[in-house]
Amino acid sequence: MSSIVLRDVQPGDEEAIIAFLRAFAEFEELSHTFRLTPEIVRRDFIGAKARVQCEFAEWDGKLAGLMVWFRNYSTFQAAPIFYLEDIYVAPEYRRRGVATALLKRLARKAQDEGAVRIDWIVLDWKTRALDVYKRVGAHPADNWRVCRLGGDAIATLARP
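The shown structure was predicted, so the numbers you read here are calculated from the model rather than taken from an experiment.

Colleague: Quick question: what am I supposed to make of the pairing of strand 4 (residues 79-89) here?
Modeller: Along a regular strand, successive side chains alternate from one face of the sheet to the other. Within strand 4, nine of the eleven residues are buried, which leaves the element mostly enclosed by the surrounding structure. Of the pairings in the sheet, the one linking strand 3 (residues 62-74) to strand 4 comprises ten bridges and is antiparallel in character. Each residue of the ladder has a partner; that of S74, found in strand 4, is A79. Between strand 3 and strand 4, which pair antiparallel one after the other, the connecting turn spans four residues, and A78 there sits at a positive phi close to 50°. As defined by bridge partners, strand 4 adjoins strand 5 (residues 117-119) across three bridges and the pair is classed as parallel. Note that in strand 5 the partner of F82 across the bridge is I118. For the segment spanning strand 4, helix 3 (residues 98-112) and strand 5, crossover handedness is right-handed.

Spelled out as structure tokens, the structure:
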């Protein structure tokens, strides 16, 4: 019987993290935006001052999936929120419960910390991912739209 093991990333995982996230960027047709390096992974993903949490799912000892998330805060609800930045399962491990296992792990952590919700964004054409999210009880947020300020717009707004 095959088994899933979930674990936090650790030193030495830098290249694997990059490989998974590069594959995810390619899958989402966003590889032109990919800038991750081993140095950035060491700074932001691993260690006491990590900016994000990153976890692997292993299937029979082989890396099968990756999840990146971070903590946020709801001022109105006066409670933590978890934000799921990325969840990616390698094609050969899909439809085996890997994504669900990662989401369950995140839900347990959110519950342990008293988080009021877990938020994430999904591309509307990712119907299989949407099906997984619906199966675990997630639903699109009504009346909310993602707004994004980036690149030159940040520089323009930041001007004195």
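Colleague: I would appreciate a short explanation of the environment of D86 in the present structure.
Modeller: Mapped onto the fold, D86 is located in strand 4. Accessibility expressed as a relative area gives 17% for D86, which makes it buried. When the C-alpha positions of D86 and F24 are compared, they lie 8.4 Å apart, and in sequence the two are 62 residues distant. With residues up to four places along the chain from it excluded, the contact list for D86 reads L21, F24, L66, M67 and V68.

Colleague: I keep staring at the nonpolar core and nothing clicks. Help me out?
Modeller: Note on soluble globular proteins: their nonpolar side chains tend to be buried together. The biggest cluster of nonpolar side chains holds 39 residues, and the ones touching the most others in it are I17, L21, L36, F45, L66 and V98. Looking at this core, the elements with two or more residues in it are helix 1 (14-27), strand 2 (53-59), strand 3, strand 4, helix 3 and helix 4 (127-135). Contacts of V98, omitting those with residues within four sequence positions, involve I4, A57, W59, A64, G65, V89 and Y93.

Colleague: Is there a simple way to explain the sheet that holds strand 1 (residues 4-8) in this structure?
Modeller: Note on sheets: strands pair through backbone hydrogen bonds, and any given pair is parallel or antiparallel. One open sheet accounts for five strands, arranged 1-2-3-4-5; its pairing is mixed. Only two strands of the sheet have a single partner each, and these edge strands are strand 1 and strand 5. Direction aside, the axes of adjacent strands within the sheet are offset by 30° on average. Relative to strand 3, strand 2 is paired through seven bridges, and the arrangement is antiparallel. Pairing of W59 across the sheet is with K62, part of strand 3. Set on the sheet, helix 1 makes contact with strand 2, strand 3 and strand 4; between it and strand 3 the angle comes to about 80°. Strands strand 1, strand 2, strand 3, strand 4 and strand 5 of the sheet are contacted by helix 3, whose axis makes an angle of about 165° with strand 4.

Analysis parameters
Residues numbered from 1 in each chain as written. Predicted model: local features only at pLDDT ≥ 70, side-chain atom pairs only at ≥ 80, totals over all residues. Heavy atoms only, no water. Buried < 20%, exposed > 50% of the residue type's maximum accessible area, 1.4 Å probe, protein only. Helix = DSSP H or I, 4+ residues; strand = E, 2+ residues; numbered from the N terminus. Pairing = 2+ DSSP bridges. Right-handed = clockwise from strand over helix to strand, strands pointing away. Contact = heavy atoms within 4.5 Å. Core = buried A, V, L, I, M, F, W, Y, C linked by side-chain atoms within 4.5 Å. Axes fitted to C-alpha atoms, helices over the stretch in contact; angles between N-to-C directions.

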